[in-house]
Amino acid sequence: MEDQKLENLLNLALDASPSERERSLQLDVGYDPEENTWDLILRYSGDLEQLLGPGIRTVRLLNHFAIATVPESQIERLSEIPEIEYIEKPKNLFFAVNQGKSASCMSAVQSEFSPLGMPLTGKGVLVACVDSGIDYAHPDFCNADGTTRILRLWDQTIPGNPPQGYQIGTEYTREQINEALRSSDRQERERLVPSRDLSGHGTGVMGIAAGNGAASEGVYRGVAYESPLMVVKLGNPRPGGFPRTTELMQGIDYVVRQAVSMGMPVALNLSFGNNYGSHSGESLLETYLDGAAAVGRNVICIGTGNEGSEALHTRETVRELTEVELGVDQYETGMNVQIWKQYVDQMEVALVHPGGQQAGPFQEILGPQRFVLGSTEILIYYGKPAPFSLSQEIYIEFLPQNRYLDSGTWRIRLIPRKIVNGTVDLWLPGGGVLGEGTKFLFPNVQTTMTIPSTARKAISVGAYNSRLLSYADFSGRGFTRVTNEVKPDLAAPGVEITTAAPGGGYGVRTGTSFAAPFVTGGAALMMQWGIVERNDPFLYGEKVKAYLRRGARRLSGVEYPNPESGYGFFCLRDSFPV
């Protein structure tokens, strides 16, 4: 039976068998089979400890959100507590300088001849990232005397000494990092502070946002090159697992609280995302992020992801029987399809196997429905609107009965009954977890931004090729679904950007992950000018976004705002109100 306090995916996961969870890309995320517990995201009111009682580990986040580790047997009891407003399960996350700085009108405000009357360097403003970590020994993140610019480094993957109020990882202070840097022996350094950036993603992001270019004699200097730094390395309680939304929320919480306690403004960069959700800003992650954006003096910048050209989204306007064709690659071990529509529309869904067998039309009933087509098991779950959403989700899980799904062209039949709006959006999982041939045969490139770049109060950043002045085809596009929020807010250079790499050198990176930190660093410079230099003590949050939108460069003959580049190409110099 469906529990209205639980999101649709969590309802289905609880109804699924252990075998179904294990074979699914989504259903077992957040579940610990050894402990039979779930990590859950809660939205609540009142005293959390008193509500939950003993035996449930919790991390209290800002604005009455929490992460709770709950025995599966207690989830139903939890949902019956009136003060527990809504519960979601975690989702997996995935990733989404020299020439780029010039294109973003950065050099002028960093110069001693700045039109603002002073060179802006980021001094006095924290630059933070929640990412894959950082090479803390890279010269670009050290001061001239060899000491670190990093005030705090929380590595969620190293157990032992978490920050106060959190339950995972180890926190390293500036003093501990400096002690490690004083050692000339690499093994001793890594013993003292064993945090490493294995992918180089976070190091590259921070090199663009705030690297000082020390390893290149300033050639590859980043934006806010004198800012103090704060880094959260995302982890997962399961070794080798993807980072999840629960860890991301704790990382955001940590950065915002640290900045408030230090009395400093902070520019926070997020370059992770996922494809699960309505893409309209309604999930607990997105609403949490909007609330966090209003705490202290911060700006949160998020890349829109790299799913724009991946054929993972399609949209139909259903007035008559409509078929959506979905190619499934050989050797696909599992996948899912989310169908999102307005609840006011009544339509049935059926599924046609490549061999012609049909399951459905499925009934709009509570609880999961199971079918077998060929050697593929199908789980269907019809959702209801949440208390803060007008949308309905129909979730389809494809599970192999043997090793692989049946390949070929599947057809999703949308059968109208009573239609008022008629717009239907469908998404496949992102992050490269599917084979190249698994895609919608007639995709729609709009609303391909990853979540949480769809959060209303974030500055959402797409990517463009600054050499060609052309939009990058991989960059996730807007606008948001249903709410039609203008996203991205603007686009920044994201093609072939030279930035810091682990080991002390540099590498070339492409993606919206490397467009967002240009804006993050730029936001830090704006807050330095406004808050630290006392030209505008309220220059943070939505005000920074408003100035950046106005200052964006716009091409003649192009309509703005548009779903590709929002209000235009990032130009910091023109964004100052002087």
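Residues numbered from 1 in each chain as written. Predicted model: local features only at pLDDT ≥ 70, side-chain atom pairs only at ≥ 80, totals over all residues. Heavy atoms only, no water.

Under an unreviewed UniProt entry, the name given to the protein chain is S8 family serine peptidase, and the organism recorded is Candidatus Blautia merdavium.

Draft legend 1. Looking closely at the overall build of the protein chain. Helix and strand counts for the protein chain come out as 13 helices and 29 strands. Against the 2.2 N^0.38 benchmark of 25 Å for 578 residues, the protein chain shows a C-alpha radius of gyration of 24 Å, consistent with a compact globule. Taken along its principal axes, the extent of the C-alpha atoms in the protein chain is 70 × 60 × 45 Å. Per-residue burial for the protein chain yields a buried fraction of 60% across its 578 residues. (Helix = DSSP H or I, 4+ residues; strand = E, 2+ residues; numbered from the N terminus. Rg over C-alpha atoms; globule rule 2.2 N^0.38 Å. Buried < 20%, exposed > 50% of the residue type's maximum accessible area, 1.4 Å probe, protein only.)

Draft legend 2. Just the UniProt feature "active site" (unreviewed entry) in the protein chain, in detail. Mapped onto the present numbering, the UniProt feature "active site" (unreviewed entry) falls on D131, H201 and S513. These residues run over 383 residues, yet every pair of their C-alpha atoms falls within 10.0 Å of each other. By secondary structure assignment, the location of H201 is in helix α9 (residues 201-210). On the accessibility criterion, H201 (3% relative accessible area) is buried. For S513, the position within the fold is in the loop between β29 (505-509) and α12 (516-532). A distance of 2.9 Å separates a polar atom in the side chain of S513 from a polar atom in the side chain of H201. (UniProt positions renumbered as here; feature names shortened; annotations may be inferred. Polar contact = N/O pair within 3.5 Å; in protein donor to acceptor, adjacent residues only side chain to side chain.)

Draft legend 3. Region of interest: empty space enclosed by the protein. Taken as a whole, the largest cavity holds about 330 Å³ of empty space. As for the largest cavity, its lining consists of 25 residues, of which E7, E88, E282, S283 and W340 are closest to the centre. Breaking the lining of the largest cavity down by element, the ones donating at least two residues are β5 (84-88), α11 (284-292) and β21 (391-400). Among the residues making up the lining of the largest cavity, the classes are represented as 9 nonpolar, 8 polar and 8 charged. In this structure, the second largest cavity encloses a volume near 60 Å³. Around the second largest cavity, the lining is made up of 10 residues, and of these Q4, L6, N8, K384 and P385 lie nearest the centre. Split by residue class, the lining of the second largest cavity holds 4 nonpolar, 3 polar and 3 charged. (1 Å grid on protein atoms, 1.4 Å probe; cavity = no way out; pocket = protein on both sides within 12 Å on 5 of 7 lines; lining within 4 Å. Points joined across faces, edges and corners; volume = space filled by probe spheres on them. Nonpolar A, V, L, I, M, F, W, Y, C, P; charged D, E, K, R; others polar.)

Draft legend 4. View of the pattern of salt bridges. Considering all chains together, one arrives at 25 salt bridges under this definition. A salt bridge links E88 to K91, with the shortest nitrogen-to-oxygen separation between them at 3.6 Å. K91 matches E88 in its accessibility class, with the two residues each being buried. When the shortest N-O distance is used, the salt bridge between R315 and D425 registers 2.7 Å. Taken together, the residues R315 in strand β14 (residues 313-317) and D425 in strand β23 (residues 423-427) connect sequence positions 110 residues apart. Taking the relative accessible area as the measure of exposure, D425 reaches 2% and is therefore buried. Salt bridges sharing partners connect three or more residues here, namely E7, E88 and K91. (Salt bridge = Lys/Arg side-chain N within 4 Å of Asp/Glu carboxyl O.)

Draft legend 5. How the structure looks around the sheet that holds strand β19 (residues 369-373). One open sheet accounts for 6 strands, arranged β14-β23-β16-β21-β20-β19; its pairing is antiparallel. If you trace the sheet from one side to the other, it starts and ends with β14 and β19, each paired once. Sheet twist, expressed as the mean angle between neighbouring strand axes with direction ignored, is 20 degrees. Lying over the sheet, helix α1 (residues 8-15) contacts β19, β20 (376-382) and β21, oriented at roughly 130 degrees with respect to β20. (Pairing = 2+ DSSP bridges. Axes fitted to C-alpha atoms, helices over the stretch in contact; angles between N-to-C directions. Contact = heavy atoms within 4.5 Å.)

Draft legend 6. Main features of the layout of surface pockets. Roughly 270 Å³ of volume is contained in the second largest pocket. In this structure, the second largest pocket is lined by 16 residues; those nearest its centre are D135, R186, E190, R196 and G503. Taken together, the residues of the lining of the second largest pocket break down into 6 nonpolar, 4 polar and 6 charged.

Draft legend 7. Expanded view of the pairing of strand β3 (residues 57-61). Taken together, the 5 bridges between β3 and strand β4 (residues 65-71) define a ladder with antiparallel strand orientation. Within β4, the position partnered with R57 by the bridge is T69. In sequence, β3 turns back onto β4 through a hairpin of 3 residues, with N63 there showing a positive phi of about 60 degrees.

Draft legend 8. Molecular detail of the sheet that holds strand β15 (residues 322-328). Taken together, the 5 strands give an open sheet; going across it, the order is β18-β17-β22-β15-β24, and neighbouring strands pair in antiparallel fashion. The open sheet has two edge strands with one neighbour each: β18 (358-359) and β24 (439-440). Summarising the sheet, β15 and strand β22 (residues 408-418) pair through 7 bridges and their orientation is antiparallel. Across the sheet, residue V328 finds its bridge partner in β22, namely G408.

Draft legend 9. Local environment of α1. By the criterion of burial, α1 is predominantly enclosed, with 6 of the 8 residues buried. If you check which residues of α1 are buried, you get N8, L9, L10, N11, L12 and A13. Contact partners of the buried residues in α1: α2 (18-23), β2 (37-44), β5, β20 and β21.

Draft legend 10. Spotlight on the packing of helix α10 (residues 245-262) against α11. Relative orientation of the contacting elements α10 and α11 amounts to 5 degrees, with a least axis distance of 11 Å. Here α11 runs roughly parallel to α10, going by the angle between their axes. Only L284, L285, Y288, L289 and A292 of α11 make contact with α10, whose side of the interface consists of T245, L248, M249, I252, D253 and V256. Here the contact of α10 with α11 is composed, by residue class, of 9 nonpolar, 1 polar and 1 charged. (Parallel < 35°, antiparallel > 145°, perpendicular 65-115°, else oblique.)

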